[in-house]
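Residues per chain, in single letters:
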Amino acid sequence: MRSAIRLPKSPETRLVFAALALILAVRAAAVLVSPLNLYADEAQYWRWAQGLAWGYYSKPPMIAWLIHLMTGLLGNSEWAVRLAAPFLHTAAAGALYFAGRAIFSSITGAYAALLYALMPAVTLSSAVLSTDGVLMPFWCAALYLAWRLRSGGGWATGAALGLALGAGILAKYAMLYFLIGLGLACVIDADTRRALLSPVGGLALIVMGLLIAPHFAWNAANDFQTVGHTVDNANLGGELFNPEHALTFAADQLGVFGPVSFLALLAGLAGWGVKAGSHTAPVRWLLCFVLPVLVFILGQAILSRAHANWAATAYPGASLLVAAWFAGRPRLIWSSLAVNGLLAVFFLGMTLLAPSQTKAVGLDNALKRTRGWDLAGEQVFAEAGRLGATSVLVDEREAWHGLDYYARDRALPLYSWRRYAGPKSFSEREALEGQSAERVLVASLRPGLRPKLRSDFASFEPVGQIRIVLGERGNGCPITRVFQLYIASGYAPAERTPEWESAFADETEFAEPPCPPRG
């Protein structure tokens, strides 16, 4: 029998939806009053959003489209860039409720929705706008729709599944793990195989293909920029066996899914506390969307490196599994929710504290990347105007994006110095040349790069510093963003050869003296 979407009637599930609404309200309010600057990736996505396209330098287009919509309606403030984030995760949690109800029961769906909504990674991702946040509603919707298709869903279900899959790929390539999961489900589950090989399953694949085709056509016309950057992120160079990274990966996942939730997931995978034969087919089906992600990212971590959030797509399915396995042990689930709730309060409070307050609790270092860019943008371009510069050049990707956003009304062009023969980031896509290179204000953050940078100019004269105080480390040393300023002219970049690179090894210029720790 097909399971249609209906409003929840039981008191328990109504309570869950009320809880999700409350969580959403708190998180949206926190975004509105957050004192944090945009971090570099958010500023990069904002820049992309100034012009709509089917693809961008390092990511598919959905996040830029969303920012374009939000800032077009609400303006270019930080909160307008970020405001969609808590709504996206609430939508994902709602989709998980419907998936849990369809696969198991209403109470399982309710538990899964809360487990997801209070995940530490979701709490943090609700305070900023990231590609994970944009992806998750489509992943969770696809879980629900794929199960409905398996259970006999009709043409509307097939079309909706295709839309969710295609939109998910346009949000982040990690959605491709979902296709791997569907493939595994086809191998082990006859109902899934029958559904996907039916005309309705074919419709889902056609709709997905039509939706993503323009993006891959854009990639083909732009030297596969996005695909190439994704491959580069794997960083499969150097020593390709680092077993100690497995422990780091496991520790990271305690922080992503939550300590109790992740340990409960491991216990369930090992069979502890799970009744033999309990929900065998649904559990095996869900494992197709959990285990491949965890195994693949664990392998990536051992081979090279893996950021903690790279396994995030495993946890919608994991939330359903933990909720199903331990629904009969509500104390365990509520313990997980309580721990994650406390972490959520801590993380939310961390994003709302004034600098004087974060210093007192030792959080300045954790927040330094989201501070001081507004002051830097104002002061750097004021100096550029005072010195009669024709452009500003920086030597760090984060500096380019911070200045680009916070000095968005600037009259002078902003460039990022190319250390290598060609651009290695979006910030370096435009080369310094022509009139812009006549009298350049160099605002350098990297003492170790300054000798190389100097070699690209005939004249390179220091003209002062800009110091932005970001807080204080636990040992009492100040955290300061120091821009060393130069006026440079005669730009003639040297050929990027191994000899040029090695000629400046271990050289620095105007390096900050080390700060002695408190005695």
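Worth saying up front: this structure is predicted, and the values here are computed from it rather than measured.

> Could you clarify how one ought to interpret the state of the cysteines in this entry?
Among covalent bonds in proteins, the disulfide is the one between the sulfur atoms of two cysteines. Here the structure, examined in full by the defined rule, presents 1 disulfide. Note on cysteine connectivity: Cys-477 is disulfide-linked to Cys-515, with sulfurs 2.2 Å apart. Judged by the torsion about the S-S bond (-95°), the Cys-477/Cys-515 disulfide is left-handed. Of this pair, Cys-477 sits in the loop between strand S4 (457–472) and strand S5 (478–491) while Cys-515 sits in the segment after helix H25 (498–503), and the two are 38 residues apart along the sequence.

> Looking at this structure, I do not really get the packing of aromatic side chains. What am I missing?
The geometry of two aromatic rings is summed up by the distance between their centres and the angle between their planes. Inspection of the entire model under this criterion finds 27 aromatic pairs. Arranged with centres 5.1 Å apart and planes meeting at 85°, the rings of Trp-54 and Trp-65 form a pair that is edge-to-face. With Trp-54 in the loop between helix H2 (40–48) and helix H3 (62–74) and Trp-65 in helix H3, this residue pair connects regions lying 11 residues apart in the sequence. Taken together through their ring pairs, the aromatic side chains of Tyr-45, Trp-48, Tyr-56, Tyr-57, Trp-400 and Phe-426 make up a single cluster. Across from the ring centre of Trp-272, 5.0 Å away, lies the NZ or CZ of Arg-329, which sits over that ring. When the ring centre of Trp-373 is taken as reference, the NZ or CZ atom of Arg-481 above it lies at 3.6 Å.

> Sorry if this is basic, but what is going on with the sheet that holds S5 here?
With mixed pairing, 5 strands are arranged side by side in an open sheet as S2-S1-S3-S5-S4. Both outer strands of the open sheet, strand S2 (414–416) and S4, are each paired with one neighbouring strand and no more. For this sheet, the mean inter-axis angle between neighbouring strands, taken without regard to orientation, is 25°. Sheet analysis places S4 next to S5, joined by 13 bridges and oriented antiparallel. Its bridge partner being in S5, Phe-457 is matched across the sheet by Tyr-491. Relative to the sheet, helix H22 (residues 373–386) contacts strand S1 (391–394), S2, strand S3 (440–444), S4 and S5, its axis offset from that of S4 by approximately 150°.

> What is the right way to look at the pattern of salt bridges in this model?
Under the counting rule described, the total for this entry stands at 17 salt bridges. Of the charged contacts in the structure, one is a salt bridge between Arg-194 and Asp-191, with a shortest N-O distance of 2.7 Å. Of this pair, Arg-194 and Asp-191 are both found in helix H11 (residues 190–196), 3 residues apart, which corresponds to roughly one turn of the helix. For Arg-194, a relative accessible area of 55% puts it in the exposed group. The class for Asp-191 is partly exposed, based on a relative accessible area of 30%. Among the salt bridges present, the one from Glu-509 reaches Arg-454, with a minimum N-O distance of 2.7 Å. With Glu-509 in the segment after H25 and Arg-454 in helix H24 (residues 450–454), this residue pair connects regions lying 55 residues apart in the sequence. Since its relative accessible area comes to 16%, Glu-509 is described here as buried. A cluster of three or more residues bridged by salt bridges with shared partners is formed by Arg-150, Asp-189, Asp-191 and Arg-194.

> I tried to follow the nonpolar core on my own but got confused; where do I start?
As a rule of thumb, soluble globular proteins bury nonpolar side chains together. Formed by 138 residues in total, the largest nonpolar core has its most connected members in Phe-178, Tyr-315 and Phe-483. With 12 residues, helix H8 (residues 131–150) is the largest single contributor of residues to this core. Apart from the residues within four sequence positions on either side, Tyr-315 is in contact with Met-119, Gln-253, Val-256, Phe-257, Phe-262, Leu-265 and Leu-294. If you look at the next biggest cluster of nonpolar residues, it comprises 15 residues, including Trp-417, Val-440, Leu-449 and Phe-460.

> Would you mind showing me how to read the layout of surface pockets here?
Unoccupied space between atoms shows up once a probe the size of one water molecule is rolled over them. Put simply, the second largest pocket is a space of about 570 Å³. Around the second largest pocket, the lining comprises 24 residues; the ones closest to its centre are Arg-473, Ile-479, Thr-480, Arg-481 and Val-482. Going through the elements one at a time, S4 and S5 are the ones with two or more residues in the lining of the second largest pocket. The element that contributes the greatest number of residues to the lining of the second largest pocket is S5, accounting for 5 residues. Split by residue class, the lining of the second largest pocket holds 12 nonpolar, 2 polar and 10 charged.

What counts, and where the lines are drawn
Residues numbered from 1 in each chain as written. Predicted model: local features only at pLDDT ≥ 70, side-chain atom pairs only at ≥ 80, totals over all residues. Heavy atoms only, no water. Disulfide = S-S within 2.5 Å. Helix = DSSP H or I, 4+ residues; strand = E, 2+ residues; numbered from the N terminus. Phe/Tyr/Trp six-rings, centres within 6.5 Å; stacked < 30°, edge-to-face > 60°. Lys NZ or Arg CZ within 6 Å of the ring centre and 35° of its normal. Pairing = 2+ DSSP bridges. Axes fitted to C-alpha atoms, helices over the stretch in contact; angles between N-to-C directions. Contact = heavy atoms within 4.5 Å. Salt bridge = Lys/Arg side-chain N within 4 Å of Asp/Glu carboxyl O. Buried < 20%, exposed > 50% of the residue type's maximum accessible area, 1.4 Å probe, protein only. Core = buried A, V, L, I, M, F, W, Y, C linked by side-chain atoms within 4.5 Å. 1 Å grid on protein atoms, 1.4 Å probe; cavity = no way out; pocket = protein on both sides within 12 Å on 5 of 7 lines; lining within 4 Å. Points joined across faces, edges and corners; volume = space filled by probe spheres on them. Nonpolar A, V, L, I, M, F, W, Y, C, P; charged D, E, K, R; others polar.

Keep in mind these values describe shape, not function.
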